[in-house]
Amino acid sequence: MPKIASIETLVVQLPTRRKHQWTGLTEPIGRYLLVKMTDDDGRTGWGEAPALKDWGGEFGRYFGESVAIADLLIQRYLSPAIIGAELANPAELHARMDAVLKGYPYAKAAVEFAYYDVSGRWLGVPVHTLLGGTSRSRVPVTHSIGLISLEEAAAEAEKVAAEGIRTIKVKIGVDPDRDVAVVGAVRAAAGDTVDICVDANEGYRTPGDAIRTIRKMEKYELKYVEQPVMGIERIAEVARAIDAPVMADESAWNAHDAIQIIERRAAQIVSIYTTKPGGLYKAMEVAAVCRAAGIVCNVNGSVETGVGNLANIHLAASAPAVTLSNVVPVSTPAAFQRGQIGGIYYTDDLICQPLTLVDGAIEVPTGPGMGIDIDAEKIARYTVPA
């Protein structure tokens, strides 16, 4: 049985197509930590921690991890605990990590992604097989429009709709009048056949502020409203007062959070991350709890590079509860970009081949491990000081 032999970390910064901003974000996307895991037969696997210091849970319940923090934790605590662990046993991997470090799910997720990648390559199977198989062979994509001007948002919505994207998410939560206007502009530009959802990232101060603003938006036929305010109890107030379904994001990190959301009837939808619960293994636990309760889900993320996004795609392919379109990039290296912008947040990427987008959905990779090789030259090009 092959075992983990070594773990290396490095920091990369991908060039962005345009600034992508949401409420509360204070640093650019794309500066993330990569993990390279090598087994004792020389096979390698890759993982990513898209850690952001200002991204955390409600009321300090979970807190931001910076790239530097994740790097330190992996090198000082997680690596010594798991070197020598056998491949293809994620239960043991998580037991070892949790025994030496409480919390810090992004650091653990990065290690776990690399572990799943190298395990799949050893066994000759894709990661989705290790997660229990596929519920779908294509993963629908939601394109996210950040906090940009109305004119820019409308132009982007029109273009991505023409490219075949069927769901658009609009970032809101900064100013009620602006928020209503930008949703109207996106609806007019995208047309009636595209689903529109909104995400406030806890931006409204009170449930009342959120309710008043969302009611003005509902004429634009919202697919759902994501995390309008901070707090499970407070999003429940919003959910009871509006017609559109409410999605929990910042309030939903792990399976225990999902149970509380279900008990309090706080949201009809839960956004599952590969990172917030600490990796794919625990993300599947969140999905199982939601499915048992009849909660529908999507997969969301932190605008990962292709390394971390491959984990998103395998989760979305595997989890039966993930029936909604997913807010994930369409990871595409520069050589394969032809002016398309749907799901494109960077002008280049770290994977050797692009994800294939067909009718607004990504075809799930079927190669061993994460399914697409990592480009060593691109890694070297975009590595930056930690």
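Residues numbered from 1 in each chain as written. Predicted model: local features only at pLDDT ≥ 70, side-chain atom pairs only at ≥ 80, totals over all residues. Heavy atoms only, no water.

## Regarding empty space enclosed by the protein
Moving on, step 1. One pass over the structure, following the stated rule, counts two cavities of 30 Å³ or more.
Moving on, step 2. Of the volumes computed, that of the second largest cavity is approximately 50 Å³.
Moving on, step 3. As for the second largest cavity, its lining consists of Pro329, Val330, Ser331, Thr332, Gln337, Gly343, Ile344, Tyr345, Tyr346, Asp348 and Asp349.
Moving on, step 4. A per-class count over the lining of the second largest cavity returns five nonpolar, four polar and two charged. (1 Å grid on protein atoms, 1.4 Å probe; cavity = no way out; pocket = protein on both sides within 12 Å on 5 of 7 lines; lining within 4 Å. Points joined across faces, edges and corners; volume = space filled by probe spheres on them. Nonpolar A, V, L, I, M, F, W, Y, C, P; charged D, E, K, R; others polar.)

## A short note on the sheet that holds strand 5 (residues 142-145)
Moving on, step 1. With respect to topology, seven strands assemble into an open sheet ordered 5-6-7-8-9-10-11, the strand pairing being parallel. Each edge of the sheet is formed by a strand with only one pairing partner; in this case those strands are strand 5 and strand 11 (296-299). Adjacent strand axes in the sheet meet at a mean angle of 25° when their direction is disregarded.
Moving on, step 2. The pairing of strand 7 (residues 195-199) with strand 8 (residues 222-226) spans three bridges and is classified as parallel. What sits directly across from Asp199, in strand 8, is Glu226. (Pairing = 2+ DSSP bridges. Helix = DSSP H or I, 4+ residues; strand = E, 2+ residues; numbered from the N terminus. Axes fitted to C-alpha atoms, helices over the stretch in contact; angles between N-to-C directions.)

## Looking at the sheet that holds strand 14 (residues 383-384)
Moving on, step 1. What the four strands build is an open sheet, ordered 3-2-1-14; its pairing is antiparallel. Whereas interior strands pair on both sides, the edge strands pair on one side only; in this sheet they are strand 3 (44-49) and strand 14.
Moving on, step 2. Where strand 1 (residues 4-13) lies against strand 14, two bridges are found, and the strand directions are antiparallel. Within strand 14, the residue paired with Val12 across the bridge is Thr383.

## Regarding helix 5 (residues 150-162)
Moving on, step 1. A rise of 1.5 Å per residue sets the reference length of helix 5, with its 13 residues, at 18 Å; its end C-alpha atoms lie 18 Å apart and thus fit the reference within 8%.
Moving on, step 2. Residues of helix 5 that are buried include every one of Ala153, Ala154, Glu156, Ala157, Val160 and Ala161, and no others. Down the axis, helix 5 shows its buried residues gathered within 165° of arc, on one side only. Those residues of helix 5 that are exposed and angled more than 90 degrees off the buried face are Glu151, Glu158 and Ala162.
Moving on, step 3. Looking one or two residues beyond helix 5, the residue adopting positive phi is Gly164, at roughly 105°. (Expected span 1.5 Å × (residues − 1). Buried < 20%, exposed > 50% of the residue type's maximum accessible area, 1.4 Å probe, protein only. Arc of directions from axis to C-beta.)

## Digging into the packing of helix 1 (residues 67-82) against helix 2 (residues 90-100)
Moving on, step 1. One can describe the packing of helix 1 onto helix 2 by two numbers: an axis separation of 9 Å at closest approach and a directional angle of 140°. One way to sum up the angle between helix 1 and helix 2 is to call them oblique. Of the two possible hands of crossing, helix 1 and helix 2 adopt the one that is right-handed. The residues of helix 2 that touch helix 1, namely those facing Tyr77, Leu78, Ala81 and Ile82, are Leu93, Arg96, Met97 and Val100.
Moving on, step 2. For the contact of helix 1 with helix 2, the per-class residue count stands at seven nonpolar, no polar and one charged. (Parallel < 35°, antiparallel > 145°, perpendicular 65-115°, else oblique. Left-handed = near helix turned anticlockwise from the far one by under 90°. Contact = heavy atoms within 4.5 Å.)

## Considerations on the nonpolar core
Moving on, step 1. One finds Ile168, Ile172, Val183, Ile196, Leu222, Ile272 and Leu280 to be the most contacted residues of the largest nonpolar core, which totals 101 residues.
Moving on, step 2. At seven residues, helix 11 (residues 306-318) tops the list of elements feeding residues into this core.
Moving on, step 3. Residue contacts for Leu280: discarding those within four places in its chain leaves Glu112, Phe113, Tyr116, Val127, Leu131, Thr274, Ala311, Leu315 and Met370. (Core = buried A, V, L, I, M, F, W, Y, C linked by side-chain atoms within 4.5 Å.)

## Points about the side chain of His94
Moving on, step 1. Relative to the helices and strands, His94 resides in helix 2.
Moving on, step 2. In contact with His94, not counting residues within four places along its chain, are Glu112, Gly278, Tyr281 and Lys282.

## Re the state of the cysteines
By definition, a disulfide is the covalent link that joins the sulfur atoms of two cysteine residues.
Moving on, step 1. Applying the stated criterion to the full structure yields zero disulfides.
Moving on, step 2. Cys197 takes part in no disulfide bond, and the closest cysteine sulfur to it belongs to Cys297, at a distance of 15 Å.
Moving on, step 3. Free cysteine Cys297: the closest other cysteine sulfur is in Cys290, separated by 3.8 Å.
Moving on, step 4. By relative accessible area, which is 0% here, Cys297 ends up buried. (Disulfide = S-S within 2.5 Å.)

## Examining the pairing of strand 6 (residues 167-171)
Regular strands place their side chains on alternate faces of the sheet.
Moving on, step 1. Summarising burial for strand 6: five of the five residues are buried, a large majority.
Moving on, step 2. Neither face of strand 6 is exposed, since Thr167, Lys169 and Lys171 on one face and Ile168 and Val170 on the opposite face are all buried.
Moving on, step 3. Pairing of strand 5 with strand 6 involves four bridges; the strand directions are parallel. Its bridge partner being in strand 6, His143 is matched across the sheet by Ile168.

## Considering unusual backbone geometry
Moving on, step 1. The phi torsion at Asn201 lies on the positive side, around 50°, for a residue other than glycine.
Moving on, step 2. By the element assignment, Asn201 lies in the loop between strand 7 and helix 7 (207-217).
Moving on, step 3. Positive phi is not limited to glycine here, since Val303 has a value of about 55°.
Moving on, step 4. Considering the arrangement of structural elements, one finds Val303 in the loop between strand 11 and helix 11.

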